[in-house]
Amino acid sequence: MTSSTSRGSLGAAIWRNRWFYIFISPFFILFALFGLYPLLYSLYMSTIDWDGLMPPHDVGFNNFRTLFQDTVFYTSIKNTLLIGIYHMPVMMFLGFTMALLLNQQWLKLRGFWRAAVFVPCITPMVVIAIVFTLLFGGEYGLVNYLIRTLSGGYLKGLPWLDSASFSKITISILLIWRWSGYNMLIMLAGMQGIPQEMYEAATIDGANRWQQLRRLTIPMMRPTFVFCMITSLIGTVYLFEEPFVLTNGGPGTSSTNFGLFLFNNSFRYFRFGYASAAAYSVAVVVLILTLIIYRGGRSATD
Amino acid sequence: MESEANSTIFAYSDVRSIITDGFIGACNAVRKLIPKIIVALCLLAVIGFVSWLPRVGALSLDTNKTQIEIWSWNVAALALKSLTPPFEQQHPKVSIYINMSGADPGARFLLALASGVGAPDVVQLQATEAERYTPTERLTDLTALAGKYEKDFVPAFWQSCVHDGKVYAIPWDIGPCAVFYKRWIFEKYGINPDTIETWDDFIEAGKQIDEKSNHHTRMLPVSITSVSNFFLLLMQQNGGGIFDSEGRIILNSPQNREDLRIVRKMLDAGITSSVADFSADFYATFSTDTIACYPAAVWSMQQIKTYASKESPGNWGVFRLPAFRKGGLRNSNYGGSVLVIPKQSRSSEQAWKFMEFANCTVAGQVRQFRESALYPAYLPALKDPVFDEPDPFFAGQKVNRLFSLDIERVPPLVRTKDWNEATSYLAQTMSDWASDKMDDETYLQSAAEALGRRLSRSVVKPADTGERP
């Protein structure tokens, strides 16, 4: 390719390669239609007041102004962060430990265990919700029944779903149960990506199991951890199904997270402009957080 | 080390060339097929278009019949289905199609209205949602056809179907309220339900049961997660409200303060159970002795009959809702639904005929009551002897008659398009009120102001809310 970069020859180059462009075009067409257009349209929607039925009217930055004064919005952000803080470390730890265990050669029925741990994240949420509400019911739930029986009636059981202080914890328990398997799978893949030769070299150098884990496995897994953290972070921010079916955001607003806040404002109250403004505000924060984690992970690896 | 790196690069470019060559080869192969693909796609489009025509009515395969599509769900849809045979017999040129499919019909209906296509001929709406749609001018104006029925419906329900003097919806079923109680518990502790006339009497009876059962049996369920449900029931009974007729917020009214005082009194008396409405625990209590009674709407009857244990028939009873003071109104409303015809409907005339048969005839309403226990909003239907039949489940009590008493005296409630948001705000904040022991008036005033900000509505000061009616 020694030709100049003038416009004509660029056009000619495109024409020459037209079949490539045609064959990669479906993605771009679909993305523009179902990704880019809604994205831009909701940016426009964040500046209007529209309930889907009455004619929309322009409100400029009013949606944002109301948003930053909305206590429910702040509560939902706080709840989202708290749910993240409650469940992410435990989930990561469990995912890693299980991956470590399931990667051992001596373990029998490894395929079975791996599948068993992964089953929760392919189970339909509605089924899980019914089971969990039965487990965590205040008076007739199985968990409280166990607490009462095992303590000989001394403990009364906990208000898992009916108290503002426990609802977030119950959701976190569900999240840990549901998503640890998924993280286990990714971490297992990351673990198996570490060349066996490195362990052999470490053994020859006299490193014991613990040293191998600390000095070899964990550092080599850093990109996997970063990936898991970013997906969990995004998953936490846009978490919806779990609180929706388990507590519906209650009691009060104690388990209303950001996803539920968006859903309520758009599809319960039909305030599409307001919901778009909220979505955009949080998207910016998520983008920044993701960049921080990504950069942090990369510089540590380098 | 170096040779290894080189070999890696070599292998990589190898792989790359294989991929690119393969890709070019595939491209060339597909390129020859392009004309055929285009022809196939065109054919598919034509077939799709032709098969779509009968659905939109542009080309009917059976030219004699008009299809009326109805969106409805749950037992209500079954009630409408039971009307299909007699209606189609009377109108041989109309066929009724009841579409129960799809989740979240509310959002689906909104999308159909907003986009201007896809709405059916008749849609079921919650009564609480009607006022969201009536001002949008996307529903058929039924004033000329339905105006004559105004006197036949309970004013409180008719009002939510009217906007600017025009009728856009027809009330379908309603949710009059009473107290479902467990006879064996009341008998065991010597409580006579006939002596419970006011909420204060009710609380006294609750205290007696609580004491005699050694704090085992609670009078009623009022969980902090669903306390606002009970508040709304009391609000409608007492003539309180959230909005006045001009859409201003009147939450901090004497009536609403009285409602809260009753709820607070119950919570303080320790006669409430913390089981949340409609949870698995809630249905389980139908068969236990932990809760004595349930102030609820008539549609709860089906749930009780379904979930109560097999020994229950004859062990249950119903008494009228306690009044705020002696001689006061002993009924309220919770729930109910309406039917509407979207403007998009191409056969609104036939759709109206079906709706008229379903909602505005004794035969239609009684049939639906028998089928799905939909309690009619149409007053002439309530005179039918079917409502005087004794119910063995309630030890032969004529419970269905009991619910209709004084129904026309239930005060109207202005809901506006923001009802859902306002009531969920109350549900969210009222649990704080219940658990934090916040002062009633402080709570109502702060909630009113917060709602005013959120909904851009003005708040009426407590002094302006007027006297009790």
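Before reading on, note that the structure itself is shown above.
Residues numbered from 1 in each chain as written. Chains lettered and ligands numbered in written order. Predicted model: local features only at pLDDT ≥ 70, side-chain atom pairs only at ≥ 80, totals over all residues. Heavy atoms only, no water.

Caption draft 1: View of the overall build of chain A. Of regular secondary structure, chain A possesses 14 helices and two strands. Each of the three principal axes of chain A carries a C-alpha extent, and together these read 80 × 65 × 30 Å. Put simply, chain A has 302 residues, and 39% of those count as buried. Taking the contacts inside chain A whose residues are at least 6 apart along the sequence as the reference set, 66% of them involve residues at least 24 apart. Put simply, chain A shows about 17200 Å² of open surface, and 71% of that area lies on carbon and sulfur atoms. Of note, chain A has its 20 positive side-chain charges centred 7 Å away from the centre of its 12 negative side-chain charges. (Helix = DSSP H or I, 4+ residues; strand = E, 2+ residues; numbered from the N terminus. Buried < 20%, exposed > 50% of the residue type's maximum accessible area, 1.4 Å probe, protein only. Contact = heavy atoms within 4.5 Å. Areas by Shrake-Rupley, 256 points an atom, 1.4 Å probe, with all protein chains shown as cover. Lys, Arg positive; Asp, Glu negative; His and termini not counted. Charge placed at Lys NZ, Arg CZ, Asp CG, Glu CD.)

Caption draft 2: Region of interest: the packing of helix α5 (residues 110-118) of chain A against helix α8 (residues 167-192) of chain A. Residue and element names in this part refer to chain A. It is at 7 Å that the axes of α5 and α8 come closest, and there the two elements cross at 135°. The pairing of α5 with α8 is recorded here as oblique in orientation. Here α5 contributes Arg 114, Val 117 and Phe 118 to the contact with α8, which in turn contributes Gly 181, Tyr 182, Met 184, Leu 185, Leu 188 and Gln 192. Looking at the contact of α5 with α8 residue by residue, the class counts come to six nonpolar, two polar and one charged. (Axes fitted to C-alpha atoms, helices over the stretch in contact; angles between N-to-C directions. Parallel < 35°, antiparallel > 145°, perpendicular 65-115°, else oblique. Nonpolar A, V, L, I, M, F, W, Y, C, P; charged D, E, K, R; others polar.)

Caption draft 3: Representation of the nonpolar core. Residues and elements named next belong to chain B. Counting 66 residues, the largest nonpolar core has Ile 170, Phe 180 and Trp 316 as the members making the most contacts within it. Not counting residues within four places of it along the chain, the set of residues in contact with Ile 170 comprises Leu 142, Ala 146, Phe 153, Trp 158, Cys 161, Val 338, Leu 339, Trp 352, Met 355, Asn 359 and Cys 360. Core analysis: the next-biggest nonpolar cluster, separate from the first, contains 53 residues, Tyr 189, Ile 242, Tyr 425 and Met 430 among them. (Core = buried A, V, L, I, M, F, W, Y, C linked by side-chain atoms within 4.5 Å.)

Caption draft 4: Here's a closer look at the pairing of strand β9 (residues 293-297) of chain B. Residue and element names in this part refer to chain B. Counting buried residues in β9 gives five out of five residues, a clear majority hidden from the surface. Taking every second residue as pointing to the same face, both faces of β9 are buried, with Cys 293, Pro 295 and Ala 297 on one and Tyr 294 and Ala 296 on the other. Where strand β6 (residues 169-182) meets β9, five bridges bridge the pair, whose relative direction is antiparallel. Directly across from Ala 178, in β9, lies its bridge partner Ala 296. (Pairing = 2+ DSSP bridges.)

Caption draft 5: Quick look at the interface of chain B and chain A. Listed by partner, the interface residues are 36 residues for chain B and 29 residues for chain A. Together, the buried faces of chain B and chain A total about 2900 Å²; carbon and sulfur atoms form 64% of this surface. The tally of links from chain B across to chain A stands at two salt bridges. For A:Arg271, the salt bridge goes to B:Glu421, with nearest N and O atoms at 3.3 Å. (Buried area = accessible area lost by both parts, 1.4 Å probe. Salt bridge = Lys/Arg side-chain N within 4 Å of Asp/Glu carboxyl O.)

Caption draft 6: Broad picture of helix α11 (residues 222-237) of chain A. Taking 1.5 Å as the rise per residue, α11(A) with 16 residues should run 22 Å; its terminal C-alpha atoms sit 22 Å apart, in good agreement. The set of residues buried in α11(A) consists of A:Thr224, A:Val226, A:Cys228, A:Ile230, A:Ser232, A:Leu233, A:Thr236 and A:Val237. (Expected span 1.5 Å × (residues − 1).)

Caption draft 7: A look at the packing of aromatic side chains. Taken as a whole, this structure holds 55 aromatic pairs over all chains when the rule is applied. Consider the rings of A:Phe136 and A:Trp160, whose centres lie 5.0 Å apart with planes at 70°: the pair is edge-to-face. Residue A:Phe136 is found in helix α6 (residues 125-136), and its partner A:Trp160 is found in the loop between α7 (142-150) and α8; the two are separated by 24 residues along the sequence. Summarising the aromatic geometry, the rings of B:Phe180 and B:Phe403 are spaced 5.7 Å apart at their centres and angled 40° between planes, so their arrangement reads as tilted. Of this pair, B:Phe180 sits in strand β6 while B:Phe403 sits in helix α16 (residues 399-404); the two residues are 223 residues apart in sequence, bridging distant segments of the chain. B:Phe180 gets classed as buried once you look at its relative accessible area, which sits at 0%. Over the aromatic face of B:Trp71 sits the side chain of B:Arg108, whose NZ or CZ is 4.3 Å from the ring centroid. The aromatic ring of B:Trp419 is capped on one face by B:Arg415, whose charged end is 5.5 Å from the ring centroid. (Phe/Tyr/Trp six-rings, centres within 6.5 Å; stacked < 30°, edge-to-face > 60°. Lys NZ or Arg CZ within 6 Å of the ring centre and 35° of its normal.)

Caption draft 8: Examining unusual backbone geometry more closely. Residues and elements named next belong to chain A. You will see that Asn 248, though not glycine, has its phi angle at about 55°, which is positive. When you line up the elements, Asn 248 lands in the loop between α12 (241-246) and α13 (258-268). For Asn 248, a relative accessible area of 39% corresponds to the partly exposed category. For Phe 270, which is not a glycine, the phi torsion comes out positive at approximately 55°. Along the polypeptide, Phe 270 turns up in the loop between α13 and α14 (272-301).

Caption draft 9: Summary view of the packing of α8(A) against α11(A). All names here are of chain A. For the pair α8 and α11, interaxial distance at closest approach is 9 Å and the crossing angle is 160°. With respect to each other, α8 and α11 are oriented roughly antiparallel. Note that α8 runs across α11; the crossing there is right-handed. Where α8 abuts α11, its residues Asn 183, Ile 186, Met 187 and Gly 190 lie against Thr 224, Phe 225, Phe 227, Cys 228 and Ser 232. Classifying every residue of the contact of α8 with α11 by side-chain character gives five nonpolar, four polar and no charged. (Left-handed = near helix turned anticlockwise from the far one by under 90°.)

Caption draft 10: Broad picture of the pattern of salt bridges. One pass over the structure, following the stated rule, counts 21 salt bridges over all chains. The residue B:Arg248 makes a salt bridge to B:Asp244 at a minimum N-O spacing of 2.9 Å. Assessed through its relative accessible area of 13%, B:Asp244 is described here as buried. With a shortest N-O distance of 3.7 Å, B:Asp406 and B:Arg409 are connected by a salt bridge. Residue B:Asp406 is classed as partly exposed on the basis of its relative accessible area, which comes to 24%. When salt bridges that share partners are traced, they join A:Asp70, A:Arg271, B:Glu421 and B:Arg454 into one network.

Caption draft 11: Representation of helix α9 (residues 227-238) of chain B in the model. All names here are of chain B. Spanning 12 residues, α9 covers 17 Å between terminal C-alpha atoms, matching the ideal 16 Å at 1.5 Å per step. Burial runs high along α9: 11 of the 12 residues are buried. The set of residues buried in α9 consists of Val 227, Ser 228, Phe 230, Phe 231, Leu 232, Leu 233, Leu 234, Met 235, Gln 236, Gln 237 and Asn 238. Phi for Gly 239, located one or two positions after α9, is positive at around 75°.

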